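Here are the chains, one letter per residue:
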Amino acid sequence: MIKQFLEEIKNHKKIILYRHQKPDGDAFGSQFGLGELIKDNFKNKEILFSGEEEELKGNYLNKIFKGPLKKIDDNDLKDALLIILDTANIERIEGIDSFDNVKNKVIKIDHHATAEDYGDIKIIHEKYSSTSEIISEIAEKSKWNISKKSAEYLLTGLITDSGRFMFSSVSENTLHQASILVKNNAKTSKLSGMLNDRDINFVRLQGKILSSFKVNKSVASYMMPKHLHKKFGVSYSTASSMVFLLMSSKEIKYGLFSSYDSKNKVWKVSIRSKEKPINKIAEKYSGGGHKMASGAKINGKGEFNKLLKELVNLSSK
Ligand code: AMP
């Protein structure tokens, strides 16, 4: 697969890199990391990064990822190779709604379980901690030059999607790839400064969530009221990363967090588990993801309570 992937890169002058909506460190990391690697290792390539500048504006990751992001139009698509990173469902791809009218060659690179089968070439490693880990391994195997910039992008993906190298998805290969990136001048201390120095309002919102979440059996839950976005000046994409806060107590085995996505007019849900898989439950609510970390979409309080009940039932089985 990697051989075919490299052939396609060679055969196309223009390459468009896509990733999922509501980008996290791995989505941006694999998108920009692969983009830099292609620029550095192949001559005369035009690389476009699908997205909107807005996505970087309120995002704490903008200290690391600077763009440029581009809303892809029909002209951009002409003769381009499309590479979709870190995205299991078509509807979550930022910049593509469907492949019905897409004539381009499509490559999918992902570490999620396959939710929808798309792409002409697929490089999927479900056991890997991150898509950035897959990209780093491709760079290693292909003996590519790894610049400091691409090493930093990929290490950010590795660090954030592996829970700072603490999740069960962390393997010998994860650490091996991290060591390659560090060898190529990515500094963990620099990234840690950029990832941990958060806005004071963000910290205050954490306090609010920690003092307000509810516990039912071993399930912690919190539905963030819409007005708190304004009160704490925290964007939807930042707020939606807060589920980890619910998981820090030993009594809690499952976490359910929801915040309102005003752009798409939907309540986004994050579900986490320390025990049984929850991805099948997420799939019932237009979602999916990993066994222990999934996301979904709901229409309001009623569905939130329904989902909560399913988790409480699961926790008591
Ligand atoms: P999140 O809670 O947004 O951090 O997402 C946790 C995991 O679930 C990630 O791997 C996401 O890619 C995946 N995920 C989140 N939302 C959805 C969704 N609506 N559909 C499918 N997968 C999702």
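See above for the structure.
Enquirer: How should the layout of surface pockets be read in this particular structure?
Expert: Using a probe with the size of a water molecule, rolled over the atoms, empty space left in the structure can be pinpointed. The volume enclosed by the second largest pocket comes to roughly 1000 Å³. Lining the second largest pocket are 37 residues, with K22, E55, E94, K263 and N264 positioned closest to its centre. Listing elements by their share of the lining of the second largest pocket, those giving two or more residues are α3 (54–57), α4 (74–77), α11 (236–239), β8 (254–261) and β9 (266–273).

Enquirer: Which parts of the structure should I look at to understand the packing of aromatic side chains?
Expert: What characterises a pair of aromatic rings is the spacing of the ring centres plus the angle enclosed by the ring planes. In total, this model carries ten aromatic pairs according to the counting rule given. Considering the side-chain rings of F28 and F65, the 5.4 Å spacing of their centres and the 35 degrees angle between planes classify their relative orientation as tilted. With F28 in helix α2 (residues 25–41) and F65 in the loop between α3 and α4, this pair connects stretches of sequence that are 37 residues apart. For the pair shown, F28 and F65 are each scored as buried. Taken together, the aromatic side chains of F28, F32, F49, F65 and Y153 make up a single cluster linked through ring pairs. Sitting over the face of the ring of Y60, R198 holds its NZ or CZ atom 3.5 Å from the ring centroid. One residue, K226, lies across the ring of Y260, its end atom 4.1 Å from the ring centre.

Enquirer: Please explain the site of the ligand as it appears in this structure.
Expert: Around the ligand, 16 residues are found, and the nearest of them are R92, H112, K268, S270 and R272. R92 places a polar side-chain atom, nitrogen or oxygen, 2.9 Å from an oxygen atom of the ligand. In isolation the ligand offers 480 Å² of accessible surface; the protein chains occlude 90% of this area. Sorting the residues of the shell around the ligand by element identifies β9, β10 (288–289) and β11 (293–298) as the ones contributing at least two each. Of all the elements, β11 adds the most residues to the shell around the ligand, at four residues. Per-class residue counts for the shell around the ligand are two nonpolar, ten polar and four charged.

Enquirer: It is not clear to me how the nonpolar core should be interpreted in this structure. Could you clarify?
Expert: Nonpolar side chains in soluble globular proteins tend to end up buried together. Ranked by size, the top nonpolar core spans 44 residues in total, and within it F5, L34, I83 and I109 carry the most contacts. Per element, the largest residue contribution to this core is six residues, and it comes from helix α6 (residues 148–161). Not counting residues up to four positions away in its chain, the partners in contact with L34 are F5, L17, G29, I83, L85, I109, I135 and W144. With 20 residues, the next largest nonpolar core counts V219, W267, V269 and L307 among its residues.

Scoring rules and cut-offs
- Residues numbered from 1 in each chain as written.
- Predicted model: local features only at pLDDT ≥ 70, side-chain atom pairs only at ≥ 80, totals over all residues.
- Heavy atoms only, no water.
- 1 Å grid on protein atoms, 1.4 Å probe; cavity = no way out; pocket = protein on both sides within 12 Å on 5 of 7 lines; lining within 4 Å.
- Points joined across faces, edges and corners; volume = space filled by probe spheres on them.
- Helix = DSSP H or I, 4+ residues; strand = E, 2+ residues; numbered from the N terminus.
- Phe/Tyr/Trp six-rings, centres within 6.5 Å; stacked < 30°, edge-to-face > 60°.
- Buried < 20%, exposed > 50% of the residue type's maximum accessible area, 1.4 Å probe, protein only.
- Lys NZ or Arg CZ within 6 Å of the ring centre and 35° of its normal.
- Near = heavy atom within 4 Å.
- Polar contact = N/O pair within 3.5 Å; in protein donor to acceptor, adjacent residues only side chain to side chain.
- Areas by Shrake-Rupley, 256 points an atom, 1.4 Å probe, with all protein chains shown as cover.
- Nonpolar A, V, L, I, M, F, W, Y, C, P; charged D, E, K, R; others polar.
- Core = buried A, V, L, I, M, F, W, Y, C linked by side-chain atoms within 4.5 Å.
- Contact = heavy atoms within 4.5 Å.

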